[in-house]
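# Observations on the three-dimensional arrangement
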Amino acid sequence: MKKSRGRTWRKRRRQPSRSFSLCGNLGHEHKYILLKKWLKERSFKDSILRPAQFPETGRGLMTIKTLQEGELIISLPEKCLLTTQTVLNSYLGEYIVKWRPPISPLVALCTFLMAEKYTQKSLWKPYLDLLPETYTCPVCLEQDIVNLFPEPLRRKAHEQRKLVHELYISSKRFFFSLQPLFPKKVESVFNYEAFQWAWCTINTRTVYMKPAQKECFSREPDTYALAPYLDLLNHNPAVQVKAGFNENTRCYEIRTFSPCQKYGEVFICYGPHDNQRLLLEYGFVTIGNPQSSVHVEKDNLLKYLLPEDKQKHMKHTILQEHNFLDNLTFGWDGPSWRLLTALKLVCLEADQFTSWKKVLLGDKVSERNEKKSLDLAKEICMSLIEETQQTLQKVSVLKTKYVHLVSQLTLVETLHMENIKILRLSSEILQSTSQHNVLIS
């Protein structure tokens, strides 16, 4: 006799798991339905991933089954990828081929995105409608926000903003050549705000494709490909994946080597980037990022070369010639070897200076030199903590004063709070090391 399942079995069976209830399924929303339909028309087969809203990461992709190590999580046909070949096959193609001097592949993609976004009947509309309206990359942030960044991020952000602006200015003649394609003046289509949006879309969302240089473009690498749906995958530094274009299947494929539970968020890793690089290139920071570190600027180091030190100029020259003035950091495991080595050289006394080569090779010169360099490391660390705390206090005040900038200020605040964690941990490590050295001596 068949065992009865009870009258509530069907209801229980339909209830989603607790993990599923923690995220909001977005697949039923009209714009995602249109995207999936659009992808299917381009030979994309339904995957095990579904769009969802997650409490900590926002929009992403969840798996509807448990993922095993080495499993293929997505395979996106070549027809779905937006590349420079897509642009050349469009109405813009003849204008690009004729233009002299040749434009860069990046400008070609930016032009296509701006034009297609303006065109309401775009074939790429289901994808374009799901792209962010704004980005939080430094190029799009208020200047006052960028000024709150720590060095060297602030310097790199200024360079990025300058690069994008110059690229836009140098491309304006080409944009004006496209006037016959639009009923309105091209200024309304290809303005700087639209260019910023297009540049950020490409910079934050493209996957790498094998270079295929085309004669109609300038010599810059043609490696960009926008990958609809796939680009919903968020970054996690702890995840391992293998990604690339499969020449046999003609699909861009990603395999994960990090198992994932059913209804969990599926991540990929954008690369071994620290938070400053993530903010600069992608507009976000990661809590507890193991790659993160706090940089010590060379001016912050060189100020400890005292005027009365007769070897001051020689020390400066040695540090410079042996590349010990850059990439000096505090990390989750304390001061870097490069930073400690630079400090040991700075702390060499007159009777020890002839041993400077031993210092650069990592050899111990004396207990006195070890102690002085550790004390100096602690002093620099505490100085950076104080400086970061002052910036955080300033950010807190600005958040109450400028409500419209809260999201941008929160991004800066998160970066500095992560830096504080690293510096405090480094301070504890240095204190423990100093005490250990005292006990041994």
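Residues numbered from 1 in each chain as written. Predicted model: local features only at pLDDT ≥ 70, side-chain atom pairs only at ≥ 80, totals over all residues. Heavy atoms only, no water.

## Section: the overall build of the protein chain
- When you go through the protein chain residue by residue, the secondary structure sums to 17 helices and 13 strands.
- Its C-alpha atoms put the protein chain at 80 × 80 × 50 Å along the principal axes.
- When each of the 441 residues of the protein chain is scored for burial, the buried share is 49%.
- Relative to all contacts within the protein chain whose residues are 6 or more apart in sequence, the contacts with residues 24 or more apart total 70%.
- A total accessible area of about 24,100 Å² is found for the protein chain, and carbon and sulfur atoms account for 52% of it.
- Taken together, the 62 basic and 46 acidic charged side chains of the protein chain have centroids lying 10 Å from each other. (Helix = DSSP H or I, 4+ residues; strand = E, 2+ residues; numbered from the N terminus. Buried < 20%, exposed > 50% of the residue type's maximum accessible area, 1.4 Å probe, protein only. Contact = heavy atoms within 4.5 Å. Areas by Shrake-Rupley, 256 points an atom, 1.4 Å probe, with all protein chains shown as cover. Lys, Arg positive; Asp, Glu negative; His and termini not counted. Charge placed at Lys NZ, Arg CZ, Asp CG, Glu CD.)

## Observations regarding the packing of helix α6 (residues 105-118) against helix α9 (residues 153-177)
- Contact geometry for α6 and α9: axes closest at 11 Å, N-to-C directions at 65 degrees. As summarised for this structure, α6 and α9 are arranged roughly perpendicular, according to the angle between their axes. Here the hand of the crossing between α6 and α9 comes out right-handed. Facing α6, whose interface residues are L106, V107, T111 and M114, α9 presents L167, S171, F174 and F175.
- Here the residues of the contact of α6 with α9 sort into 6 nonpolar, 2 polar and no charged. (Axes fitted to C-alpha atoms, helices over the stretch in contact; angles between N-to-C directions. Parallel < 35°, antiparallel > 145°, perpendicular 65-115°, else oblique. Left-handed = near helix turned anticlockwise from the far one by under 90°. Nonpolar A, V, L, I, M, F, W, Y, C, P; charged D, E, K, R; others polar.)

## Focus on unusual backbone geometry
- Look at the link from R100 to P101: it is a cis peptide, with omega at -5 degrees.
- One can find P101 in the loop between α5 (93-98) and α6.
- Of note in the backbone geometry, Y229 takes a positive phi value of approximately 75 degrees without being a glycine.
- Its location among the elements puts Y229 in the loop between β6 (224-226) and β7 (234-235).
- We classify Y229 as buried; its relative accessible area is 1%.
- Phi at R250 is positive, roughly 55 degrees, even though this residue is not glycine.
- By the element assignment, R250 lies in the loop between β8 (241-246) and β9 (251-256).

## Comments concerning the confidence of the model for the protein chain
- The predicted model of the protein chain averages 92 in pLDDT, with 94% of residues at 70 or higher.
- Within the protein chain, helix α1 (residues 9-14) has the poorest average pLDDT of any element, 39, and helix α10 (residues 192-205) the best, 98.
- Counting contacts from residues 1-21, a segment whose pLDDT is below 50, to residues more than four positions away or on other chains yields 7 contacts. (pLDDT = per-residue confidence, 0-100.)

## Re helix α11 (residues 275-282)
- Burial analysis of α11 places 6 of its 8 residues in the buried class, which makes it a mostly covered element.
- Every buried residue of α11 is accounted for by N275, Q276, L278, L279, L280 and E281.
- Two to three positions downstream of the cap, the backbone nitrogen of Q276 sits 3.3 Å from a side-chain oxygen, assigning the N-cap of α11 to D274. (Polar contact = N/O pair within 3.5 Å; in protein donor to acceptor, adjacent residues only side chain to side chain.)

## Remarks on the side chain of T63
- Structurally, T63 is set in strand β3 (residues 58-63).
- Classification of T63 by relative accessible area gives buried; the value is 0%.
- T63 has contacts with I48, L49, C260, Q261, K262, Y263, G264 and V266, leaving out every residue within four places of it along the chain.

## Section: the nonpolar core
- The biggest cluster of nonpolar side chains holds 73 residues, and the ones touching the most others in it are I96, F190 and L230.
- Looking at this core element by element, the count peaks at 9 residues for α6.
- Discounting chain neighbours no more than four positions away, the residues touching F190 are T111, M114, A115, Y168, F175, L178 and F182.
- Grouped together as the second largest cluster of nonpolar side chains are 36 residues, V296, W356, V359 and I385 included. (Core = buried A, V, L, I, M, F, W, Y, C linked by side-chain atoms within 4.5 Å.)

## Considering the side chain of Q408
- Among the secondary structure elements, Q408 is positioned in helix α17 (residues 406-440).
- When near neighbours in sequence (up to four residues on either side) are disregarded, Q408 contacts C140, L141, E142 and I145.

## As for the packing of aromatic side chains
- In this structure the tally under the stated criterion is 15 aromatic pairs.
- Considering the side-chain rings of Y168 and F195, the 5.5 Å spacing of their centres and the 50 degrees angle between planes classify their relative orientation as tilted. Of this pair, Y168 sits in helix α9 while F195 is found in helix α10, placing the two residues 27 residues apart along the sequence. Neither Y168 nor F195 differs from the other in exposure class; each is buried.
- Here the aromatic rings of Y282 and F284 are separated by 6.2 Å at their centres, their planes lie at 40 degrees, and the arrangement is tilted.
- Connected via pairs of aromatic rings, a cluster forms that spans W99, Y118, Y168, F174, F175, F182, F190, Y192 and F195.
- Its guanidinium or amino end placed over the ring of W197, K117 lies 4.1 Å from that ring's centre, counting from NZ or CZ. (Phe/Tyr/Trp six-rings, centres within 6.5 Å; stacked < 30°, edge-to-face > 60°. Lys NZ or Arg CZ within 6 Å of the ring centre and 35° of its normal.)

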